[in-house]
Amino acid sequence: LWRLPEGEAAYKLALRLFTTTSYTPDEIHELGLAEVDRIQAEMMEIFAAEGVDISQGYTEAMDAYSSRPEFYYEDSDEGRQQILDDYQSILDELDAGLDAAFNIRPKAGMEVKRIPAFREKTAPGAYYQQPSLDGTRPGRFYANLYDIKATPKFGMRTLAVHEGVPGHHFQVAIGMELEGMPIFRRFSLFTAYVEGWALYAERVAWELGLMPTNADNIGRLTAELFRAVRLVVDTGIHHRRWTREEAIEYMLANTGMAESDVVSEIERYIVWPGQATAYKVGMLKILELRQRAMDELGDKFDLRDFHDIVLKNGAVPLDILDRIVNEYISSTRSS
């Protein structure tokens, strides 16, 4: 956007629109760089513990780890059915392990489906479809099984959390079921809140011990790293005047993704300024608010109550969520 008339002002507005915060492009860029360093350092410790050679740096270590054959299913109809069965088992296990963190649960159920064959070649790796408003159809987690190599076992638990429980299914279905809300509030789509919650949910599942293995944690950190890199490249392209090639080079070096995937991602960010920054900004804002509540409430802090406050008001801009949490802190402290 920088090269267009009033492009710099337009980009700041795009960031305001998608993050629903007042963060500047430079603040978001530096935040991304710091998060990339932190996440990669955590991953390198795990790689070393798993016997991976880390002497050549992150990219080579990630390639070596992700190429292990035990992480992949058989490329057959039976292998694809096993993926669906395993996803359902993971979701059931997740749902049974959340009582310590959630009072509220969606009334709507959830099921795992394969993306239809006619769509899967150009569809994303997975997506969530909200339940019907009348409650006759459950929420659905659609998995893309076109390329068996695109579903490594170490990433499945993270994806099930993000798209399902307690990620998008909890947030979207609970929002739809809220009483006393006007209809537009029950369906409002603020990307930073919606995607920030799903990314935050991955962190919560790990904290609760629902990602018990090193492989599960690598899957979680890989997903978080991808969102952190987005902060760097989006602001790099539209604010710091990076070329397309510079952005591709940075993303290749810091994610371990295939070049074809990186190119399509970077081209998405070029034509959709700011949108890709919403995910990580949203997650970090929820974590910041949780830490604030913990610090100020001490023994009065209850994670279940905090999640009630975040979910029971529906999707809102992050600046509004900040005010909601501050009110929760004040009322809890005085009770």
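From a predicted model like this one, the values you see are computed outputs, not experimental measurements. (Residues numbered from 1 in each chain as written. Predicted model: local features only at pLDDT ≥ 70, side-chain atom pairs only at ≥ 80, totals over all residues. Heavy atoms only, no water.)

> Got a minute to help me understand the environment of I83 in this structure?
Mapped onto the elements, I83 comes out in helix α4 (residues 77-96). On the basis of relative accessible area, I83 is assigned to the buried category, the value being 0%. Not counting residues within four places of it along the chain, the set of residues in contact with I83 comprises Y73, L145, I148, T151 and M156. (Helix = DSSP H or I, 4+ residues; strand = E, 2+ residues; numbered from the N terminus. Buried < 20%, exposed > 50% of the residue type's maximum accessible area, 1.4 Å probe, protein only. Contact = heavy atoms within 4.5 Å.)

> Honestly, the side chain of T277 in this entry has me stumped. Any pointers?
For T277, the position within the fold is in the loop between α12 (259-271) and α13 (278-297). By relative accessible area, T277 is classed as buried at 0%. Separated by 2.7 Å, the side chain of T277 and the backbone oxygen of G274 make a polar contact. Setting aside residues up to four positions removed in sequence, T277 forms contacts with L15, T19, I28, R230, L231 and D234. (Polar contact = N/O pair within 3.5 Å; in protein donor to acceptor, adjacent residues only side chain to side chain.)

> For this particular structure, what's the right way to read the pattern of salt bridges?
Side chains that carry opposite charge are capable of pairing whenever their charged atoms lie near each other. A full pass over the atoms with the stated rule returns 29 salt bridges. Taking the shortest distance from any N to any O, the salt bridge between E265 and R230 comes out at 3.5 Å. In this pair, E265 is assigned in helix α12 and R230 in helix α10 (residues 214-238), connecting sequence segments 35 residues apart. Classification of E265 by relative accessible area gives buried; the value is 15%. With relative accessibility at 3%, the residue R230 sits in the buried group. (Salt bridge = Lys/Arg side-chain N within 4 Å of Asp/Glu carboxyl O.)

> How should the packing of aromatic side chains be read in this particular structure?
Aromatic rings in a pair are described by how distant their centres are and how their planes are angled relative to each other. Under the criterion given, the structure shown has twelve aromatic pairs. Geometrically, the ring pair formed by F18 and W272 is edge-to-face, given 6.2 Å between the ring centres and 85 degrees between the ring planes. Highlighted residues: F18 in helix α1 (residues 7-19) and W272 in the loop between α12 and α13, separated in sequence by 254 residues. Judged by its relative accessible area of 13%, F18 falls in the buried class. Note on W272: relative accessible area 41%, which makes it partly exposed. Consider the rings of F301 and F306, whose centres lie 6.2 Å apart with planes at 45 degrees: the pair is tilted. The same class applies to F301 and to F306, which are both buried. In textbook terms, an aromatic cluster arises when at least three aromatic residues are bridged by ring pairs, as seen for F47, Y65, F71 and F154. Its end group placed over the ring of Y73, K153 keeps NZ or CZ at 4.8 Å from the ring centre. Here R230 stacks its cationic end above the ring of Y279, 4.5 Å away from the centre of that ring. (Phe/Tyr/Trp six-rings, centres within 6.5 Å; stacked < 30°, edge-to-face > 60°. Lys NZ or Arg CZ within 6 Å of the ring centre and 35° of its normal.)

> Please clarify how the side chain of T235 should be interpreted in this entry.
Relative to the helices and strands, T235 is located in helix α10. Polar side-chain contacts of T235 include one of 3.2 Å to the backbone oxygen of V232. Here T235 is in contact with Y11, P25, I28, H29 and R240, once residues within four sequence places are set aside.

> Before we go on, may I ask you to explain the packing of α4 against helix α6 (residues 153-163) in this structure?
Helices that pack against each other are described as a pair by the angle of their axes relative to one another and the distance between those axes. With their axes 10 Å apart at the nearest point, α4 and α6 run at an angle of 60 degrees to one another. One finds that α4 runs oblique with respect to α6. With respect to the hand of their crossing, α4 and α6 are arranged in right-handed fashion. In contact with I83, D86, Y87, I90, L91, E93 and L94 of α4, α6 contributes M156, R157, L159, A160 and V161. (Axes fitted to C-alpha atoms, helices over the stretch in contact; angles between N-to-C directions. Parallel < 35°, antiparallel > 145°, perpendicular 65-115°, else oblique. Left-handed = near helix turned anticlockwise from the far one by under 90°.)

> Looking at this structure, I do not really get the nonpolar core. What am I missing?
Across soluble globular proteins, you tend to see nonpolar side chains buried next to one another. Counting residues in hydrophobic clusters, the biggest one holds 65 residues, and the most contacted among them are Y200, F306 and L321. In this structure Y200 touches M283, I286, L287, R290, L303, F306 and H307, once residues within four positions along its chain are discounted. Counting 32 residues, the second largest nonpolar core, distinct from the first, contains I39, Y72, F226 and Y250. (Core = buried A, V, L, I, M, F, W, Y, C linked by side-chain atoms within 4.5 Å.)

> Please explain the pairing of strand β3 (residues 139-143) as it appears in this structure.
Regular strands have side chains that alternate between both faces of the sheet. Of all five residues making up β3, five are buried, and the element is well covered by its neighbours. Of the two faces of β3, the one lined by G139, F141 and A143 and the one lined by R140 and Y142 are each fully buried. Taken together, the five bridges between strand β1 (residues 110-114) and β3 define a ladder with parallel strand orientation. By the bridge assignment for β3, M110 is matched with G139. Two strands pair when backbone bridges link them, and strand β2 (residues 126-129) and β3 are joined in this way by four bridges, in the antiparallel orientation. Directly across from A126, in β3, lies its bridge partner A143. (Pairing = 2+ DSSP bridges.)

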